[in-house]
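As a plain string of letters, each chain reads:
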Amino acid sequence: MTRSALLIAAIISCSTVVLAAADPPVYRDHQTLMVVRDDQGREQPVRTKEDWARRREHILLGMQQAMGPLPSRAKLPDLDVKVVATLERETYTRLTITFVAEKQGDTEDRVPAYLYLPRSRPEAPAKKLPSMLALHQTHTLGKGDVDVEKGRTNRCYASELATRGYVVLAPDYPSFGDYKFDFPAMYQAGRFASGTMKGIFNHMRAVDLLQARVEVDADRIGVIGHSLGGHNAMFVAAFDDRLKVIVSSCGWTPFHDYYAGKITGWTSDRYMPRLRTIYDLDANKVPFDFYEVVAALAPRPFFSNAPAGDDNFDVAGVKKAAKAAGEVYRLFDADKALVAEHPESGHDFPPLVRENAYRFIDAALKK
């Protein structure tokens, strides 16, 4: 079987897809999704799932041009999970843990996280539970912001999902919470070209951890996040098809709709510096856009909370991108798997929308 055929089979079967960063064909109009460039660079219509698999490959390559290549996962170190503290609550046990994301020589990169285990869980392996990766927003608390102990109003989705019976893992993003991180040193070492790709790599390791848990059903894992966590949920799911449902709250809009195309906010060390150093802060030059990221999630269920008053991620852009990505979902006969809600609020994850998101997750993972 050729490499192309293997890739198509992997994408269609929803296995984990990892691609090397090469130069993909150039798509000037990221909003037009139902086209793919052939080996001669000519634009052809997307008519089949196999056609879309080739376009999806180009999308992931374009993301890696901006984010840097996703490092090989061929020889991963042991996760070596260490329990730092245990907190018993009425409906779940919360473990404060660290796990190894990667190891360079004798140096380990350990990620701090909360691991939630429902108190009412059955004895494994008699019945395994669904699980969720819960990613926090930009806040010094990191994982603490998605927990009821210290988290802010409408942010505590990690502990809320644990109460609903999910095994939940809430890791710190580099430089937040308890995760002390030196971005300049990371760039100097040359393993990652962006904080975004480091986040993707770490979050894939978090999925490894969930799959390794005896009480977790490895085929029923999803991801949820707000703001920073909202787009990180989309990014990791684009590269990791083990995630079967994705919820993004206030996490995205196309680059031209982000502060009217002023994309400087995406270029800090913890995000994608190449958008400044290579693509000159020009949204027209960035080799991917969120139209494509959403489409790359198809046909998996994707729920987007995009409030009408979000002053960070413009709702008009979300509506345009969801409409465009809908064409790809229809290709898979999965129209109802793409849902966007637009509450009358600001940059927030209101209770009613959050409850709708939880029901959406339940429908995908509790069948």
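Residues numbered from 1 in each chain as written. Predicted model: local features only at pLDDT ≥ 70, side-chain atom pairs only at ≥ 80, totals over all residues. Heavy atoms only, no water.

Caption draft 1: Layout of the overall build of the chain. Along its length, the chain carries 10 helices and 11 strands. Relative to the 2.2 N^0.38 estimate, which gives 21 Å for 367 residues, the radius of gyration of the chain is 19 Å and therefore close to what a compact globule would have. In the chain, which comprises 367 residues, the proportion classed as buried is 58%. Restricting to contacts in the chain with at least 6 residues of sequence separation, those with at least 24 account for 71%. (Helix = DSSP H or I, 4+ residues; strand = E, 2+ residues; numbered from the N terminus. Rg over C-alpha atoms; globule rule 2.2 N^0.38 Å. Buried < 20%, exposed > 50% of the residue type's maximum accessible area, 1.4 Å probe, protein only. Contact = heavy atoms within 4.5 Å.)

Caption draft 2: Seen up close, the environment of Ala306. Within the element layout of this structure, Ala306 appears in the loop between strand E10 (302–305) and helix H9 (315–331). With 42 residues separating them in the primary sequence, Ala306 and Asp348 have C-alpha atoms 8.8 Å apart. Apart from residues no more than four positions distant in its own chain, Ala306 is found in contact with Val315, Val318, Glu341, His342 and Pro343.

Caption draft 3: Up close: the sheet that holds strand E3 (residues 82–88). The 9 strands lie next to each other as E3-E4-E5-E7-E6-E8-E9-E10-E11, forming an open sheet whose pairing is mixed. The outermost strands of the open sheet, each flanked by one partner alone, are E3 and strand E11 (338–341). Mean inter-strand twist for the sheet, computed between neighbouring axes without regard to direction, equals 20°. Here strand E4 (residues 92–104) pairs with strand E5 (residues 107–118) via 12 bridges, running antiparallel. (Pairing = 2+ DSSP bridges. Axes fitted to C-alpha atoms, helices over the stretch in contact; angles between N-to-C directions.)

Caption draft 4: Highlighting the confidence of the model for the chain. The predicted model of the chain has a mean per-residue pLDDT of 93, with 92% of residues at 70 or higher. Across residues 1–18, confidence stays below pLDDT 50; counting only partners more than four residues off in sequence or on other chains, it has 33 contacts. (pLDDT = per-residue confidence, 0-100.)

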